[in-house]
Structures are given as structure tokens and as C-alpha cells.
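Remarks on the overall topology
Next come the chains, spelled out residue by residue.
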2 protein chains.
Amino acid sequence: MKELSFSVCGCGCRGTWLTDNVLTSLEDVTIVAVCDPYEDKAQDLADLIEKKGFARPQVFTEHEVMFDTVPTDAVLDATSWEAHVPVAVAAMRRGIAVAMEVGGAQSEEECRELIRVQTETGTPFMLMENCCYGKEELLATSLARNGKFGEIVYCQGAYAHDLRAEVAYGEKNRHYRIKHYSTRNGENYPTHEFGPIARLLHITRGNRMLKLSAFASKARGLHEYVQGREDLAHLKDFAFTQGDIVETLITCENGELIRIRLDTTLPRYYSREFTVRGTRGLYNQDANMVMIEGDGATEYFNTAETIKANINNADRYDDYLPAIWRDVDPEVLEKGHGGMDWFVFMAFVDALREGKPMPIDVYDATAWMCITYLSELSIKNGGTPVDVPDFTDGAWRDRAPVDVVEFPILNR
Amino acid sequence: MKELSFSVCGCGCRGTWLTDNVLTSLEDVTIVAVCDPYEDKAQDLADLIEKKGFARPQVFTEHEVMFDTVPTDAVLDATSWEAHVPVAVAAMRRGIAVAMEVGGAQSEEECRELIRVQTETGTPFMLMENCCYGKEELLATSLARNGKFGEIVYCQGAYAHDLRAEVAYGEKNRHYRIKHYSTRNGENYPTHEFGPIARLLHITRGNRMLKLSAFASKARGLHEYVQGREDLAHLKDFAFTQGDIVETLITCENGELIRIRLDTTLPRYYSREFTVRGTRGLYNQDANMVMIEGDGATEYFNTAETIKANINNADRYDDYLPAIWRDVDPEVLEKGHGGMDWFVFMAFVDALREGKPMPIDVYDATAWMCITYLSELSIKNGGTPVDVPDFTDGAWRDRAPVDVVEFPILNR
């Protein structure tokens with residue numbers, strides 16, 4: 001196997017976690033350099049790598065200097081949201097393949113630049129959307145590909161994750177999220193739920209988004225959270241700008257409706273709410289529940305009873321899982337978000353080694369990331385629908401509808 | 001107790017069901033006349049009343065003739081959606097109190113006329129929104145009134161009910177729904193979920209809606225449903241107009257965001273999805289689940305596990321139920337939609353006898369019903385937000401925030 005050298009750009013929580021749990025476990029992958037504007041964070045990550053028995057990587061605080069000094073095969077771009085694209089662009093210009101972590105786009109120009117530089121240089125690029133490799137998302141997509149849901153007409157998802165502590169203690173922890181929650185108002189983190197939906201609906205690959213509208217509730221969750229916390233007393237009267245709930249509605253060329261929700265500053269349980277609705281059945285991720293006409297799910301008029309009777313019944317459809325999830329190694333399940341982090345990196349490394357097209361390319365990435373700045377614009381204009389740019393310049397009509405994995409097609 | 005005479009206008013499924021299960025069980029209520037444009041339906045209802053041991057009511061096919069011939073104390077207006085207001089107006093003009101079944105408004109003028117005639121005549125009027133008396137909706141509202149959720153920022157609901165058979169066989173069964181699904185596209189049935197949300201958020205009573213936007217998926221569910229059904233062969237190539245899923249987003253004066261979904265033509269389980277989100281907790285009707293900070297609900301990163309661990313945990317909060325639901329008579333639970341139909345009629349009859357204000361009045365009714373024609377307009381204009389009329393003419397600022405029942409306030 002071809003040996004691959006990696007650098008890690010961004011040594012915060014995500015970069016550190018991925019290095020610790022994924023990158024250092026990949027065969028024939030060496031981490032030779034790490035970079036963070038906060039030098040102590042970069043040194044900590046170098047320490048961690050050394051402690052695991054590997055050679056100590058070189059440490060940098062400027063990514064361009066790192067790329068010029070240590071030209072690796074690939075970079076893990078796990079920087080702050082606003083640095084994702086500049087770092088990716090700098091790497092691609094030097095022929096360094098980019099594994100870019102997820103987040104939203106700050107502007108249309110950012111999306112256009114990502115595409116311009118990738119297509120001009122031909123450098124391999126992948127958006128590392130781990131949820132595209134989630135067991136539940138892939139099961140539902142496989143059932144859709146097998147025609148079990150009939151014609152798909154609607155999908156829903158959410159990033160529902162109580163991040164109040166992470167945001168409120170952002171200054172203390174030098175985390176970038178608080179800046180966005182203090183100055184902006186939009187769907188700031190769309191790809192975890194939208195990526196799998198977009199792939200299921202063949203967005204940029206035979207289908208495209210037409211219009212987007214977004215709506216925000218008032219912002220009260222963080223305000224309430226900081227009250228009575230002595231170490232956050234300086235935020236007691238601070239006016240956070242980010243609405244607690246943001247709803248985004250997207251209409252598609254092929255007639256489907258998509259709804260996603262950002263939900264990060266109120267108390268709640270974690271959920272992605274991946275939901276697929278077709279003319280013959282549905283998938284509901286909250287209950288991990290499949291209902292297909294004639295397939296014997298139990299229904300009561302009382303909704304909670306229906307859910308109780310069918311929760312996790314998706315397990316009955318295990319035959320439809322893609323190979324990566326059938327007979328999955330239990331060790332993989334420990335490697336970040338229940339295994340997804342592992343699979344998304346395996347896909348990147350495999351495509352890079354084999355010179356295959358990246359499973360999630362710049363057209364996918366920009367289509368998903370643009371939701372952020374478009375949603376801000378729509379909210380600012382009172383929910384006015386905005387046209388979604390076609391970053392493929394019409395190529396969506398002919399791009400092949402490829403999935404991130406191969407699905408078994410049963411009952412041919 | 002004062003004896004009350006009722007007429008029943010509209011002898012279809014709903015009118016017949018309510019007569020059989022509720023009206024004929026109410027003490028000191030007599031049904032003296034029934035009316036339906038299809039005479040056989042009216043005769044069938046008269047038969048049913050007679051068979052139950054009551055005097056046979058007079059039978060009519062025109063409501064104005066009935067009102068002029070048999071001027072009852074009250075009428076149950078269980079007609080088709082488009083006849084609700086004309087029948088209510090005709091009754092109110094004659095001083096006949098109106099118990100009007102739910103549905104959407106066809107136009108702004110319809111809403112204005114309802115208000116005009118009610119305020120001019122002073123005739124008692126109530127919208128019979130049974131879900132305002134639902135156990136789950138009232139428990140969540142009580143918890144909100146007790147401050148358990150903190151500040152409320154978001155509510156969600158749905159009318160998620162697979163009505164494909166009812167719609168597709170509408171011609172055969174002389175049911176009016178098919179006409180709407182064949183010619184219109186909007187949130188055609190908003191009040192079951194929106195009524196309880198509006199009351200919780202004090203809409204028309206200290207709060208009001210500002211803007212509404214609506215979005216529809218393509219319409220494929222009914223088309224798929226009629227394929228291969230011989231008795232529906234005439235609809236094989238029919239182009240239904242009503243989108244399978246309609247999402248409606250509403251912003252409020254006090255900063256809350258509301259989302260409702262119409263979901264009636266795809267296979268699914270029944271659900272109203274009443275959801276309340278506040279700065280300190282949430283209610284989720286699908287799982288009948290309460291999560292309040294510090295109140296010991298169990299959370300896992302896996303969503304289905306979280307739901308499994310907490311489903312129906314709302315039962316722990318039974319002390320917050322209003323009197324009608326504490327120690328509820330088991331017989332009542334059999335009286336339509338788990339008891340709601342009974343309670344909404346008890347409320348109407350009680351207010352009528354005692355001369356008290358109706359719990360759900362014309363301002364509530366029009367605020368909730370207008371969603372239908374506003375959503376059609378927004379969908380027609382590609383999701384453009386529409387201003388929601390203030391039918392109270394500014395009185396929303398001073399209308400007292402009264403609930404449909406009294407809630408126990410604990411831990412004062």
C-alpha cells in the first residue's frame with residue numbers, strides 16, 4: 001500500500017479527536033506536521049502523537065508556512081468554520097489533497113473559489129461529512145434505492161445538539177463558535193443532516209435545489225443559560241444574535257421538499273431526525289423506525305404506542321445495509337460518532353490511494369455549505385425565498401447519481 | 001339545569017359520530033332537527049337518534065329552512081369545510097348558538113364575515129377544536145404555565161394522518177375532501193395542531209402572528225395509491241393538486257417561531273407532533289416525553305435509546321393535569337378521540353348554559369382558520385411570506401390570556 005503523509009491543520013477538539021482515534025489508526029499513514037494559530041494547541045497534539053509511539057510531527061502556527069515547509073500528500077483541514085476554505089484553497093494550490101471538515105459557507109464567493117481552485121488544480125478534495133456514512137442514513141438510503149419507499153417526496157433532518165456550554169464557554173476555551181452566535185443568525189451547521197438528504201435526492205447529480213427560505217426564533221437559550229453562572233457573569237446582559245431554532249425549507253427541481261432545523265441553544269437530547277417519506281413508506285431516525293406498506297409495522301392511534309411498538313424495527317432490514325456496516329468490527333464503533341468518522345476517512349484515503357473520484361466532491365460540498373449564507377440572507381429579509389446558485393453551471397443534469405457506498409439491491 | 005335544544009347540520013361521518021357518541025349522551029340536551037343536502041344521510045341520522053330511544057328529529061335538506069322552522073338553542077355545524085361559515089352565519093343571524101366544527105378558511109372575507117356577524121348579533125359561537133382539550137396538549141400547556149419549560153421560543157405540530165382512502169374514495173362516499181385535493185394546494189386543515197399552539201402562545205391574547213410562509217412537496221401519494229385499484233381506475237391518470245407534505249412557518253410578535261405540517265396523502269402513522277421548546281425544557285408528543293433541566297430524564301447520544309428510555313415519562317407530571325383529566329371517567333375516554341370530543345362539547349354546553357364567554361371564540365377561530373388561504377397564497381407565490389391579518393383590529397394587545405381550562409399552579 002502506498003504510504004501517505006498527512007498534516008493536520010486545526011488542533012482543537014475535532015482535529016485532536018480525529019488524530020487520536022482515526023488518523024493514527026490508519027495503516028501506512030504518517031502524520032508529519034501539525035498546525036494551529038495557538039501554538040500550545042499544536043504542541044499538545046504533537047505530544048499526543050509522540051505519546052502514541054509515533055515520530056513527533058513538526059509544529060507550525062501558519063498553514064501556508066507548513067504547506068511550503070512540509071509538502072504532505074494530504075491535509076486534514078479541521079480548522080474553524082471560516083478558515084476551512086482558505087486552508088483548503090492554499091493546500092490545493094500546492095497539490096496537497098484536502099480532507100475538509102464540515103461547516104457552513106460564509107459567502108457565495110467562498111464557494112466559487114473552492115470550485116475554481118479545485119477544478120483548476122485537479123487536486124483531490126473531499127468534504128468529510130461523516131453522517132453520510134452513518135448506519136441509519138445509509139440503511140434508509142439503501143431502502144430508497146431498493147424502491148421500498150416508492151417515490152420519495154420529502155426529507156427532513158436536524159442538527160439538534162445542545163451546545164450551550166460549548167458556545168457560552170467559547171471565549172474561555174478559545175472556541176470559534178461563540179463569535180458566530182454573537183454576530184450572525186442563520187443555519188450555521190447544515191451538512192450533518194443535509195448531506196445525507198442531498199445524496200439520497202441526487203442533488204447536483206440529476207437534481208438540484210431551486211429556492212431556500214429560512215426562519216429564526218428569538219435567541220433566549222444562551223441568555224438563560226448564562227444567568228446565575230458566576231464564570232459567565234460577563235455575558236449576563238449580552239445580546240446573542242443567533243436564533244435558538246432556525247428552520248430552513250428547500251424546494252427541488254424534481255419536486256421534493258426538504259426541511260432542516262438548527263437546534264443548538266436549548267436543552268434537548270441529541271438528534272439528527274433523518275426522515276425519508278415516500279409514496280410507499282417512511283424512515284424515522286429518531287425512533288430508528290421503518291414503515292413500509294404491507295411490511296407489518298404495528299400502528300396505533302396513540303402515537304407514543306406506535307413508536308413503542310416499532311422503535312428500532314429498522315433492524316429487520318439489516319440485509320439492506322452496505323458492506324461497511326454488515327459485520328462491522330466492534331472496534332470501529334469506538335472510533336468516533338459510532339464508526340462514522342472511521343468510514344469517512346477510509347473512503348478519503350482509499351480514493352486518494354487509488355486515484356478514484358472523491359465520494360463527496362466540491363460540487364456536493366458547495367451545494368451543502370451554501371445553505372448557511374443563503375439562510376442568513378433569507379432570515380434578514382423576513383423569510384423571503386432566495387434562489388439557490390447552481391455551482392455546477394448546469395452540469396447537475398449529467399453528473400452521474402453515485403452513492404458514497406455501494407448498496408445491495410435485493411429482490412431484483 | 002336548563003334544557004337545551006340542538007339541531008345538527010351536516011350528517012356525514014363527523015356529525016353522525018358526534019351525535020351518536022357525544023350529543024345523545026349529554027344531560028338535558030335534545031336533538032330536535034337534522035339537516036344534510038343529501039336527504040338519505042339526514043334520514044339515517046334521524047333513524048340513529050330514534051333507535052337510541054329519543055324522539056325522531058325533523059329532517060331537512062336546507063339549513064336556512066331548518067333554522068326558520070325549528071329555531072333551536074344551538075346548532076352543531078358539522079358540514080363540509082366550505083359550508084362551515086355560511087351555516088354558522090345563518091344560525092347566528094337567527095340567534096342560534098353555534099358549535100362549529102374545524103377546518104380551514106377559504107378566504108379572508110369568510111373570516112371577516114364570521115367576526116362581523118358574531119359581534120353584531122352577540123350570538124354565542126365556539127370553534128369545536130377538540131385537540132385544545134387533548135390530555136397531552138393540556139399537560140404540556142400546564143407545564144408551560146407553571147414555568148417548567150422556562151421561556152417558550154418554539155412550537156411545532158402536525159396533522160399527520162393517512163387519509164388516502166378517504167380522499168380517493170371521496171366521490172363514491174360523497175365526501176367533500178377530494179374536491180380540495182383536486183383543485184387546491186395548501187395547509188388545508190391547520191387547527192388540530194395549531195389551536196393548542198396558539199393558545200399556549202397567547203395568540204390573539206397578548207401575542208399575534210406576523211408573517212406566514214408555506215411550502216408544498218409534489219403530489220404523488222394519491223396517484224400511487226389509486227394505481228392498481230380497480231374501483232379507482234377512473235383516477236389512474238388524474239393530476240391531484242394538493243402537495244403530499246405542506247410545511248407552514250409562522251413568526252410571532254413575541255419572537256416565537258411556529259412550524260406546522262400537513263401530511264395526509266402518504267403512508268404513515270397518526271401523529272399531531274405537538275412540541276414545545278423552552279429555555280429550560282421540552283415536550284415531545286410523539287413520544288409523550290418531557291425533558292426539563294435537572295428533572296432526571298435519561299439521555300443517550302443514540303436518539304432511539306433516548307426515546308426508549310423516556311417514552312411516556314410525561315406520566316410523572318400527572319399532578320399538572322387540569323381537573324378534567326385527573327381521575328377521568330373511563331367512559332369518557334370512549335367518547336371520541338380519547339375523550340377530547342366529550343370535553344370540548346361539555347365546555348360549549350357549560351358556557352352556553354351559564355352565559356360565560358366561549359372558550360374558543362371568533363377571534364381564535366379566524367386566526368387559526370386563516371392559515372389555509374394564506375398558505376395557498378404563499379405556495380402559489382413560491383414561498384413568499386404573507387402578512388397575517390389582525391382580525392382583532394389591535395385588540396390582541398388587551399385581550400386577557402385565558403386558557404380553555406384552569407391549570408393547577410404548583411410550587412408557588
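About the cut-offs
- Residues numbered from 1 in each chain as written.
- Chains lettered and ligands numbered in written order.
- Predicted model: local features only at pLDDT ≥ 70, side-chain atom pairs only at ≥ 80, totals over all residues.
- Heavy atoms only, no water.
- Contact = heavy atoms within 4.5 Å.
- Buried area = accessible area lost by both parts, 1.4 Å probe.
- Salt bridge = Lys/Arg side-chain N within 4 Å of Asp/Glu carboxyl O.
- Polar contact = N/O pair within 3.5 Å; in protein donor to acceptor, adjacent residues only side chain to side chain.
- Nonpolar A, V, L, I, M, F, W, Y, C, P; charged D, E, K, R; others polar.
- Pairing = 2+ DSSP bridges.
- Helix = DSSP H or I, 4+ residues; strand = E, 2+ residues; numbered from the N terminus.
- Axes fitted to C-alpha atoms, helices over the stretch in contact; angles between N-to-C directions.
- Buried < 20%, exposed > 50% of the residue type's maximum accessible area, 1.4 Å probe, protein only.
- Core = buried A, V, L, I, M, F, W, Y, C linked by side-chain atoms within 4.5 Å.
- Least-squares fit on C-alpha atoms with pLDDT ≥ 70 in both.
- pLDDT = per-residue confidence, 0-100.
- 1 Å grid on protein atoms, 1.4 Å probe; cavity = no way out; pocket = protein on both sides within 12 Å on 5 of 7 lines; lining within 4 Å.
- Points joined across faces, edges and corners; volume = space filled by probe spheres on them.

With 63 residues of chain B at the contact, the number on the chain A side is 63 residues. Across the chain B to chain A interface the summed buried area is about 5,200 Å²; carbon plus sulfur atoms make up 59%. A salt bridge links Glu256 of chain B to Lys218 of chain A; the shortest N-O distance between them is 4.0 Å. Our enumeration of links across chain B and chain A arrives at 28 residue pairs in polar contact (both at pLDDT 80 or more). A class-by-class count of the residues in the side of chain B that touches chain A yields 21 nonpolar, 20 polar and 22 charged.

With that settled, consider the sheet that holds strand β14 (residues 386-387) of chain B. Residues and elements named next belong to chain B. Spatial strand order, β13-β12-β11-β7-β10-β9-β8-β14: eight strands in an open sheet with mixed pairing. Two strands in the sheet have a free side with no partner beyond their single neighbour: β13 (289-292) and β14. This element, helix α9 (residues 191-200), spans β7 (152-160), β8 (209-216), β9 (245-252), β10 (257-263) and β11 (275-278) of the sheet and lies at about 160° to β7.

Scanning the model with the defined rule gives 68 salt bridges over all chains in all. Between Asp350 of chain A and Lys356 of chain A there is a salt bridge, with its nearest N and O atoms 2.7 Å apart. Here Asp350 of chain A falls in the partly exposed class, since its relative accessible area comes to 33%. Accessibility expressed as a relative area gives 42% for Lys356 of chain A, which makes it partly exposed. Two residues, Arg261 of chain B and Glu273 of chain B, come together in a salt bridge whose shortest N-O distance is 2.8 Å. You can see Arg261 of chain B sitting in strand β10 and its partner Glu273 of chain B sitting in the loop between β10 and β11, a full 12 residues away along the chain. When its relative accessible area of 2% is taken as the criterion, Arg261 of chain B is described as buried. For Glu273 of chain B, a relative accessible area of 10% puts it in the buried group. Within this structure, Arg199, Arg205, Asp361, Asp364 and Arg399 of chain A form a network of salt bridges that share partners.

Let's shift gears to unusual backbone geometry. Positive phi outside glycine occurs at Asn288 of chain A, with the angle close to 45°. In this structure, Asn288 of chain A sits in the loop between β12 (281-284) and β13 (289-292). You will see that Asp28 of chain B, though not glycine, has its phi angle at about 60°, which is positive. For Asp28 of chain B, the location among the structural elements is in the loop between α1 (13-21) and β2 (29-35).

So, about the nonpolar core. Judged by nonpolar contacts, the single largest core of 129 residues is most densely connected at Phe125, Tyr133 and Phe348 of chain A. When residues of this core are assigned to their parent elements, the largest contribution, nine residues, is made by helix α13 (residues 340-354) of chain A. Sequence-distant contacts of Phe125 of chain A, defined by excluding residues within four places in its chain, comprise Ala88, Met92, Val98, Met100, Leu114, Gln118, Met358, Ile360, Asp361, Val362 and Ala365 of chain A. If you look at the next biggest cluster of nonpolar residues, it comprises 128 residues, including Cys9, Cys11, Leu114 and Phe345 of chain B.

When chain B is fitted onto chain A, the two copies agree to an RMSD of 0.0 Å after a turn of 180° and an axial shift of 0.0 Å. Taken together, the rotation angle and the small translation identify this as a two-fold axis. The rotation axis passes nearest to the C-alpha of Thr384 of chain B in chain B, at a distance of 2.9 Å. By residue overlap, the copies meet face to face through one surface: 100% of the interface positions of chain B are interface positions in chain A.

So, about the sheet that holds strand β5 (residues 97-100) of chain B. All names here are of chain B. The parallel open sheet is built from six strands, whose spatial order is β3-β2-β1-β4-β5-β6. Both edges of this open sheet fall to β3 (58-60) and β6 (125-127), since each of them pairs with a single strand only. Neighbouring strand axes in the sheet, compared pairwise and without regard to direction, differ in orientation by 20° on average. As defined by bridge partners, strand β1 (residues 4-9) adjoins β2 across six bridges and the pair is classed as parallel. Note on β2: the bridge partner recorded for Ser5 is Thr30. Docked against the sheet, helix α2 (residues 39-51) engages β1, β2 and β3, running at close to 160° with respect to β2.

Predicted coordinates in regions of low pLDDT should not be interpreted in detail. Considering every residue of chain A, the mean pLDDT works out to 96; 100% of them sit at 70 or more. Prediction confidence for the complex, expressed as pTM and ipTM, is 0.97 and 0.97 respectively.

Turning our attention to empty space enclosed by the protein. This model, assessed by the stated rule, comprises seven cavities of 30 Å³ or more. The space that makes up the largest cavity amounts to roughly 430 Å³. Lining the largest cavity are 28 residues; nearest its centre among them are Gln156, Glu273 and Asp286 of chain A together with Glu273 and Asp286 of chain B. Those elements that place two or more of their residues in the lining of the largest cavity are β7 (152-160), β10 (257-263), β11 (275-278) and β12 of chain A together with β7, β10, β11 and β12 (281-284) of chain B. Examining the composition of the lining of the largest cavity, we find that three residues originate from one element, β12 of chain A, more than from any other.

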